[in-house]
Amino acid sequence: GYQLLGRGYRVAMTRTGGVFRYGNGGNIARAQFCNRRHAALMLRIHADGSTNTSLHGFQTLYPAWHKGWTDDIYTRSLKAARLVQAASVRTTGAANLGLIKRTDLTGFNWANVPAILVECGFMTNPAERRLLQSASYQLKVAHGLVAGAAAFAPIS
């Protein structure tokens, strides 16, 4: 958030640390939070997990096109996903696992603003977990997310 603030963006966080700042922290509430603020982008940041502990890398989820639900945000969400994924892989050097469209994420289906979810690596991969827990790598991840978000929604 601080890197975006430093570039002149307004930032609204639904969660800081382990505490949900608004409501119960549910995905519908998060989408409504972003909708009410007419967010340029709802950027959800996660770390993934898998039973395959060798999996590693970044992937970005975006809403699949669904008439009456996501058709109004599909194109802009896909554009944001492409830009954020590319910038994040570039700044971290992580494996590029690509883009994944999803129909089943409540946060996407209730959003009226472009929405993406970035999986910044796998906590179940020991080497990647160590990276994700290090301040220097977290800064690289943040730089990538900010660069992608700024490319998607430049300040005019």
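Residues numbered from 1 in each chain as written. Predicted model: local features only at pLDDT ≥ 70, side-chain atom pairs only at ≥ 80, totals over all residues. Heavy atoms only, no water.

What follows concerns the nonpolar core. Core analysis: the largest hydrophobic core is formed by 20 residues, its most contacted members being F58, I116 and V118. Elements that contribute at least two residues to this core include exactly β4 (58-63), α3 (74-92), β6 (115-122) and α6 (135-152). A total of six residues in this core trace back to one element, the largest contributor, which is α3. By size, the runner-up hydrophobic cluster in this structure holds 13 residues, among which are C34, I73, L105 and L117. (Core = buried A, V, L, I, M, F, W, Y, C linked by side-chain atoms within 4.5 Å. Buried < 20%, exposed > 50% of the residue type's maximum accessible area, 1.4 Å probe, protein only. Helix = DSSP H or I, 4+ residues; strand = E, 2+ residues; numbered from the N terminus.)

With that out of the way, let us pick up the side chain of E119. Secondary-structure assignment places E119 in strand β6. The side chain of E119 is buried and forms no salt bridge, while R102, the nearest opposite charge, is found at 6.2 Å. Beyond its immediate sequence surroundings of up to four residues, E119 is in contact with H46, A47, D48, G57, F58, Q59 and L61. (Lys, Arg positive; Asp, Glu negative; His and termini not counted. Salt bridge = Lys/Arg side-chain N within 4 Å of Asp/Glu carboxyl O. Contact = heavy atoms within 4.5 Å.)

One pass over the full model with this rule turns up zero disulfides. The closest cysteine sulfur to the non-disulfide-bonded C34 is located on C120, 16 Å from its own sulfur. For C120, a relative accessible area of 4% translates into the label buried. (Disulfide = S-S within 2.5 Å.)

Before going further, it helps to examine the pattern of salt bridges. Under the defined criterion, the tally for this structure stands at one salt bridge. Between D104 and R102 there is a salt bridge; the shortest N-O distance is 2.8 Å.

This part is about the pairing of β6. Of all the eight residues making up β6, eight are buried; the element is thus mostly covered by neighbouring parts of the structure. As defined by bridge partners, strand β3 (residues 42-48) adjoins β6 across six bridges and the pair is classed as parallel. Across the sheet, residue D48 finds its bridge partner in β6, namely F122. As paired strands, β4 and β6 are joined by three bridges and run antiparallel to one another. Directly across from Q59, in β6, lies its bridge partner E119. (Pairing = 2+ DSSP bridges.)

All right, on to the environment of C34 then. Mapping C34 onto the fold places it in helix α2 (residues 27-36). Taking the C-alpha atoms as reference points, C34 and V113, separated by 79 residues in sequence, lie 7.1 Å from one another. Ignoring sequence-local partners within four residues, the contact set of C34 consists of A39, M42 and V113.

Moving on: the sheet that holds β4. Pairing is mixed in the open sheet, where four strands are placed in the order β3-β6-β4-β5. Looking at strand neighbours, the two that pair on one side only are β3 and β5 (96-102), the edges of this open sheet. For this sheet, the mean inter-axis angle between neighbouring strands, taken without regard to orientation, is 20°. Along the sheet, α3 makes contact with β4, β5 and β6, crossing β4 at roughly 170°. (Axes fitted to C-alpha atoms, helices over the stretch in contact; angles between N-to-C directions.)

Owing to its 3.6 residues per turn, the α-helix brings residues three or four apart onto one side. Its 18 residues place the ends of α6 26 Å apart at the C-alpha level, agreeing with the 26 Å of an ideal helix rising 1.5 Å per residue. Looking only at α6, the buried set comprises Y137, V141, G144, L145, V146, G148, A149, A150 and F152. Tucked inside the fold, the buried residues of α6 contact α1 (2-6), β3, β4, α3, β6 and α5 (126-132). (Expected span 1.5 Å × (residues − 1).)

As far as function goes, none of this settles anything; it's purely spatial.
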